[in-house]
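One-letter residues, chain by chain:
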Amino acid sequence: MYVGDTPEPDPGAELSLPAIEASITRIAAGLDARFVTAGEALAQAHVIVEQLVAELESVLNALGRDAAEAAIANMQATADRLERLPQVQAARREGLERIAKGAQPLRHQLGQVMRTLDFLRICGLNIRVAAAGQNGFSAFADTMSERLDLGEREIAGIGDDIEQLTASIPALLEVDSQLGEECARVIPQVPRKLAADAAALQRHQVEDAGRAARIADVARDIRTKVGGAIGAMQIGDITRQRLEHIALGLRAVIDLRQQGDPADPAPVLLASGHVLALLAAQAADAIADFHRDSLRLAENLTGIAPSTAALLEIKAEGAKAQAGDDKAAFLAALEQSVADVRAVTTKLRDADARAQRLGASTSASAERLAARLRIVHRVNEDVHLMAWNTDLRCYRLGDEGKALAMVASEIRGFATTLATVSGGIRASVETLVAAVSALRDPDAVPGVDPAEALAASLACIHDGAVRMRAGMDGLEAHAASVTGIIDTTSRTIDCEADFGALLRQAAEQLALLGVPCDMPDEATAALLAPLLDQLARAYTMASERQVHQRFAITPPDGVPPSPDKDGRDDDDGLF
C-alpha cells in the first residue's frame, strides 16, 4: 500500500470533522481485517514450511551415517568375504584331509599300545608262575594286572574318541564339495556385482543426502523469511492503533467545539486548530511509517518466491540426474544381487556351522584324550616302578630269582616301548586338534548369518528410499502451497486501491484544518492542556509521543503535562 505519495485533494470534499473521523475509523477497521487475514495465512505458510523442514530432516536421518552406511558396509564386507571364499574352502578341505590322514597313524599307534599291554599281561602271568607264590610276587602280579586293565580301558576310549572325531569328516567333505561347486559357479562375478552395487548405492546415498541437505537449507531460509514477514505484519496493527488514536482526537475536538462559549469562540478555535494540526502530523507520520514498512514487508514476501522456486529447481535437478538411472530398477537389481548371494551364503552357513560343531566336538575330545593320555602315562610309570622292584627282590633271592629277573627285564623293555608309542599318540592328537582349528574361517562372525544380515541391510536401504521418496513427493505440494499463500498475502496487504486515496485525503484535510498555536493564551491553554494530556495517555507507540512532543505546550504554572498517568513510558518497543 503506497499511501505516502503526494495527495491529490478533492476540491469537492467537505471539510467535516465527523466525516473525516468516520473515514479514518473505517480505514483502521479495514486495515485490521486485511492484516489479520494476511497474518493468519502467513502463520499457515509457516506451519507448512516447518512440516517441510521436518520431512527433509527425516530424509537426512534416513540417508545419514548410521543405519544406511552400516548396511552398505555390511554388503561390502559380505562381498569381500565371498571373494575370499575359494581360499577359505580350499583351506577347509586341506584341514579335513589332514584330519583324515592323521587318524591313520593313530589307529596303528593304538594297536601297538594294546599289543604291548597284552605282552605285559603275559609277563605278569610269568612272574606269578616263576615265583610260585613266594615273597609277595603274586600280589605284585595282581597289582600289575589291575594297572594294565586300566591302561587298556583308556586306550580303548582314545580309539572311540578318534573314531567319533573322524566320523563326521565324510559329511563335511561332501558339504565342502558342494560349496566348492557353488563357488566355481558364482565367484567372482556375484560378489563383485554385490560390491559394485554397494558402491553405486553409496554414491546414490551421498548424492541424495547432498540434495536433501541443499533443499533443507533453502527450506530453513524460507522459514526464516516467513517468520520475518509475520513479524513485519505488525505494521498493520501499529497503523490501526495510530489511526484509532487520531479518530479519538477528532472526537475530542468535536466535543470541544460543541461545548465552547458562543460569546467567545476564539479559545475553542485556537485549541481545536492546534489539536487538528497535531492530528494531521500524526496522520502524516503514520502514513510515512506504514509506507516504509509496507515496502519492506512486500520486499520480504517477494524474496520468498525465488526460494520456493529454488526448491523445485533442486528437485528437478535430482530428477534429471536420475533420468537414465531409475531408482526402482536400481533397487530391484540390488535385490537380485542379494538373492544371488543368498544361495552361496546358505551353503556357507551350513559349512561354517558343521565346522564349528566339529571344532567344539574336537575341543571336548581333546580334553578327554589329554586326560586319558595322562592315565596311560601313569600306568606306564607304575609298570616301570614294578619292574625295578622286581629286580631288587630278585637280587635278594640269588640264584632262585634269576628267572624272575629275566621277566622283569622284559617288563622294562615293554614299558619303554609303551612310553615311546604313548608319546607318538600325544603328538598325533595335537596334530589333529591343530588341523580342526584350521577349519574355522577367521573372518566369520559367530552367530551372524550373512544372508540375514544382507536382508536386514536391504530392508534398511528400502526404508531410506521410501522416506526419501515421501519427502520429495511432498516437496512440490508444499512449495505450491507456500507460493499460493504468499501471492494471496501480497494481494491482501496491498491496500492502495481501497484505502490509499481516502487516507491521503483525510490527512490532507486535517492539514488544511489544523493551525498550530505556538503561544496560547491562558484560556486557550486551559482548553488544550487536558485535551493534549488525554491524547498522550492513549498513545502506545514511541513514534506517536515523538510527534506529540512537537506540539506540547507549557501551561501558565510552567509545569509540562506528564506523558501518561503514572509517569512511565508505555512504549511497546516496536519503534
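Throughout this document, residue positions are counted from 1 along each chain, in the order its sequence is written. Reporting in this predicted model follows two pLDDT cut-offs: at least 70 for local features of residues, and 80 or more for side-chain atom pairs to be given and counted; totals over whole chains, interfaces and linings ignore these cut-offs and use all residues. Hydrogen atoms and water are omitted, and side-chain values are computed over all heavy atoms in the structure.

Section: the nonpolar core
For step 1, the next point in the chain: Nonpolar cores were defined as sets of buried Ala, Val, Leu, Ile, Met, Phe, Trp, Tyr and Cys residues, with membership established by side-chain atoms within 4.5 Å. Each residue is placed in one exposure class: buried if its accessible area under a 1.4 Å probe, protein chains only, is under 20% of its type's maximum, exposed if it is over 50%, and partly exposed if it falls in between. Within the largest apolar cluster, 74 residues are counted, with the highest numbers of intra-cluster contacts made by I24, F35, L250 and L510.
For step 2, the next point in the chain: Numbering of helices and strands runs from the N terminus; a helix is a DSSP stretch of H or I covering at least four residues, while a strand is a stretch of E covering at least two. Those elements that provide at least two residues to this core are α1 (17-62), α5 (189-232), α6 (234-258), α7 (266-321), α10 (450-493), α11 (496-513) and α12 (522-538).
For step 3, the next point in the chain: With 17 residues, the top contributor of residues to this core is α7.
For step 4, the next point in the chain: Aside from chain neighbours lying at most four places away, what touches L250 is L17, I20, E21, I24, L276, L279 and L510.
For step 5, the next point in the chain: One finds L96, V113, C123 and V376 within the second-largest nonpolar core, a separate group that totals 39 residues. Should any heavy atoms of two residues lie within 4.5 Å, those residues are considered in contact.

Some words on the packing of aromatic side chains
For step 1, the next point in the chain: What counts as a ring pair is set by centres within 6.5 Å for rings of Phe, Tyr and Trp (its six-membered ring), and what kind of pair is set by the plane angle: stacked under 30 degrees, edge-to-face over 60, tilted for all other angles. This model, assessed by the stated rule, comprises one aromatic pair.
For step 2, the next point in the chain: For the pair F35 and F290, a centre-to-centre distance of 5.9 Å together with 70 degrees between the ring planes defines the contact as edge-to-face. Separated by 255 residues along the polypeptide, F35 in helix α1 and F290 in helix α7 bring together distant segments of the chain. A single burial state applies to F35 and to F290, both of which are buried.

Section: the packing of α6 against helix α13 (residues 542-549)
For step 1, the next point in the chain: Where α6 meets α13, the axes come as close as 11 Å, and the angle between the chain directions of the two elements is 35 degrees. For the pair α6 and α13, contact is made by Q241, R242 and H245 and by S543, E544 and V547, respectively.
For step 2, the next point in the chain: Polar here means any residue outside two lists: the nonpolar Ala, Val, Leu, Ile, Met, Phe, Trp, Tyr, Cys and Pro, and the charged Asp, Glu, Lys and Arg; Gly therefore counts as polar. Here the contact of α6 with α13 is built from residues that sort into one nonpolar, three polar and two charged. For helices, the fitted line uses only the C-alpha atoms of the stretch in contact; every axis is such a line through C-alpha atoms, and the angle between N-to-C directions lies from 0 to 180 degrees.

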